[in-house]
Amino acid sequence: MNPPLLEELASPESEQLNRVKAVRAAMPEGGMFRDKDWQVSPSALPLPADVVKRIHALGPATAAFQAACNRLYQEAVDTPSLQWVARVLDQANRSAWSPWAATRAGRTPYPG
């Protein structure tokens, strides 16, 4: 089943249209990925209950992995003998993220 086109939504102020507008407004200026267009659906992709359960089960492991990566980077920034690790990680991320990650705000478990 295809999601409804923007023009097919019930009214200009429908809840569905507001969801689509909110998602589009949250997109970065250059889009999510270079040269890619995104279609936005007013409703979530329906997933079977067993898939949802598996995705939720990944949450704690994913959070632990992210925290370990953050700790590795911060220790590499703070430890002179490990600063080469920070430089290697920074090479893969030449955006504005790297300087921010070394600040106090960047030391939180989750950016944002």
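As the structure is a prediction and not an experimental result, all values here were calculated from the model. (Residues numbered from 1 in each chain as written. Predicted model: local features only at pLDDT ≥ 70, side-chain atom pairs only at ≥ 80, totals over all residues. Heavy atoms only, no water.)

A word on the overall build of the protein chain
Of regular secondary structure, the protein chain possesses four helices and zero strands. When contacts within the protein chain are restricted to residue pairs at least 6 apart in sequence, long-range pairs at least 24 apart make up 36% of them. (Helix = DSSP H or I, 4+ residues; strand = E, 2+ residues; numbered from the N terminus. Contact = heavy atoms within 4.5 Å.)

Section: helix α2 (residues 49–78)
The end-to-end C-alpha separation of α2 is 44 Å, in line with the 44 Å expected for 30 residues at 1.5 Å each. Of all the bends in α2, the greatest, near 30 degrees, is centred on Gly59, and the proline Pro60 appears no more than four residues after it. For α2, every residue scored as buried is listed here: Asn70, Tyr73, Gln74 and Ala76. (Expected span 1.5 Å × (residues − 1). Bend = angle between axes of the 7 residues up to and from the residue. Buried < 20%, exposed > 50% of the residue type's maximum accessible area, 1.4 Å probe, protein only.)

Things to note about the packing of α2 against helix α3 (residues 83–91)
It is at 6 Å that the axes of α2 and α3 come closest, and there the two elements cross at 125 degrees. Classed by the angle they form, the pair α2 and α3 counts as oblique. Where α2 crosses over α3, the two elements pack in a sense that is left-handed. Seen from α2, the contacting residues are Leu72, Tyr73, Ala76 and Val77; seen from α3, they are Gln83, Val85, Ala86, Leu89 and Asp90. Across the contact of α2 with α3, the residue classes tally to seven nonpolar, one polar and one charged. (Axes fitted to C-alpha atoms, helices over the stretch in contact; angles between N-to-C directions. Parallel < 35°, antiparallel > 145°, perpendicular 65-115°, else oblique. Left-handed = near helix turned anticlockwise from the far one by under 90°. Nonpolar A, V, L, I, M, F, W, Y, C, P; charged D, E, K, R; others polar.)

Observations regarding the pattern of salt bridges
On inspection of all chains with the given rule, the structure shows one salt bridge. Here Arg19 and Glu15 are joined by a salt bridge, their closest N and O atoms 2.6 Å apart. Of this pair, Arg19 and Glu15 both sit in helix α1 (residues 15–26), four residues apart, which is roughly one turn of that helix. Judged by relative accessible area, which is 40%, Arg19 ranks as partly exposed. With relative accessibility at 53%, the residue Glu15 sits in the exposed group. (Salt bridge = Lys/Arg side-chain N within 4 Å of Asp/Glu carboxyl O.)

Examining a nonpolar patch on the surface
A grouping of Leu45, Leu47, Val52 and Ile55 is seen on the molecular surface, where their side chains present a nonpolar patch of about 360 Å² in accessible area. According to the relative accessible area criterion, Leu45 is exposed, its value standing at 68%. (Patch = residues over 30% accessible without salt bridge, like charges linked within 9 Å, V, L, I, M, F, W, Y side chains within 5 Å. Areas by Shrake-Rupley, 256 points an atom, 1.4 Å probe, with all protein chains shown as cover.)

Quick look at the environment of Val40
Mapped onto the elements, Val40 comes out in the loop between α1 and α2. On the basis of relative accessibility, which here comes to 14%, the residue Val40 falls in the buried class. Along the backbone, Val40 and Arg19 are 21 residues apart, and their C-alpha atoms lie at a distance of 9.1 Å. Setting aside its immediate chain neighbours within four residues, Val40 contacts Val20, Val23 and Arg24.

A closer look at the confidence of the model for the protein chain
For the protein chain, the average pLDDT comes to 76, and 71% of its residues sit at 70 or higher. Between the elements of the protein chain, mean pLDDT differs from a low of 58, seen in helix α4 (residues 97–101), to a high of 91, seen in α2. (pLDDT = per-residue confidence, 0-100.)

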